[in-house]
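# Examining the three-dimensional arrangement
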Amino acid sequence: MRYLILSDIHANIDALEAVLAAAPPWDRALVLGDLVGYGGAPNAVIDRVRGLDPMAVIRGNHDKAACGLDDGSNFNQVARFAAAWTYQQLGPEYREYLRQLPQGPTEIDEQLEICHGAPFDEDHYIFDAMDAHRSLQTATRPVCLFGHTHLPVVFRAVDGEVEGAIGLPGTSARLGPERAMLNPGSVGQPRDGLRDAAYAVLDLEPDASTFEFRRVSYDIDRTQRLMREAELPVRLVERLAYGR
Ligand code: ZN
């Protein structure tokens, strides 16, 4: 089974369209949360995601804030502004769609589960080996996919230690019997210093699975223009160009 892995699209329709145009053939899509928030096209992104008929979509912290499930009080000022802006933009049925999204982790099959932040807490950020260690222990499946940090990475449990590696564009992580946590990076707001949209393709086989970290460029100028017209915070507009 080949899965298209999308995370942290953040209402960036141009980035999402570029990913879908560039992705190699896949069977089912998995969406790891934060469909909206920050970007200028929340309704269009939800429509496009629903049209993919994903096998699973889980909610992220920005999805909760944008539909009123969370008051965004733990957000910084620009994120809170964007959440309020998004709430205003969303049609009632789009808010309802976000409200009914399940909380991760969600088990996909015997090998695979997905979460937004961490398997033990949907809002927790996995940045380092210590967080990854706790996650590898609490995950119920050998392969656990996560998002939330916007950083492509793989963590593996090897002989009781956690090994971490950045998911460089175009590289593949081979998945063996050891447990692994993988983050595809963010479609709509990369933060690893590379501006291209990030996603992954997971080829899940019983013996030889691979997780390919992929990037694709998109029309950032157009995206930024639409965000400026929508009067979204300048900081959110500018960071797209730097991938930060
Ligand atoms: Zn996010």
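## Considerations on the overall build of the protein
For the protein, the helix and strand inventory stands at eight helices and 12 strands. For the C-alpha atoms alone, the extent of the protein along its principal axes is close to 50 × 35 × 30 Å. Per-residue burial over the protein gives 56% buried out of 244 residues. For the protein, the proportion of contacts with a sequence separation of at least 24, taken over those separated by at least 6, is 72%. In the form shown here, the protein has an accessible surface area of approximately 10500 Å², with 47% of it arising from carbon and sulfur atoms.

## A short note on the coordination of the zinc ion
Taken together, the protein ligands of the zinc ion are D8 (OD), H10 (NE2), D34 (OD) and H150 (NE2), with distances of 2.1 to 2.5 Å. Around the zinc ion, the four donor atoms are arranged such that angles at the metal cover 89 to 176°; this shape is classified as irregular.

## Digging into the sheet that holds strand β1 (residues 2-6)
Read across the sheet, six strands follow the order β3-β2-β1-β11-β12-β9 without closing on themselves; strand pairing throughout is mixed. Each end of this open sheet is capped by a strand with a single partner; those strands are β3 (56-57) and β9 (172-175).

## So, the pattern of salt bridges
Taken as a whole and judged by the stated rule, the model has 11 salt bridges. A salt bridge links E107 to R141; the nearest nitrogen and oxygen atoms lie 3.6 Å apart. On the criterion of sequence distance, the pair formed by E107 in strand β4 (residues 106-107) and R141 in the loop between α6 (129-138) and β6 (143-145) is long-range, its members being 34 residues apart. Residue class for R141 comes out buried when judged on its relative accessible area of 15%. Among the ionic pairs, E178 bridges to R156, the shortest N-O distance being 3.4 Å. Of this pair, E178 sits in the loop between β9 and β10 (180-183) while R156 sits in strand β7 (residues 153-158); the two residues are 22 residues apart in sequence, bridging distant segments of the chain.

What counts and how
Residues numbered from 1 in each chain as written. Predicted model: local features only at pLDDT ≥ 70, side-chain atom pairs only at ≥ 80, totals over all residues. Heavy atoms only, no water. Helix = DSSP H or I, 4+ residues; strand = E, 2+ residues; numbered from the N terminus. Buried < 20%, exposed > 50% of the residue type's maximum accessible area, 1.4 Å probe, protein only. Contact = heavy atoms within 4.5 Å. Areas by Shrake-Rupley, 256 points an atom, 1.4 Å probe, with all protein chains shown as cover. Donors = N, O, S within 2.8 Å, 3.2 Å for Na, K, Ca; no water. Tetrahedral: all angles 85-135°; square planar, octahedral: opposite > 155°, others 65-115°. Pairing = 2+ DSSP bridges. Salt bridge = Lys/Arg side-chain N within 4 Å of Asp/Glu carboxyl O.

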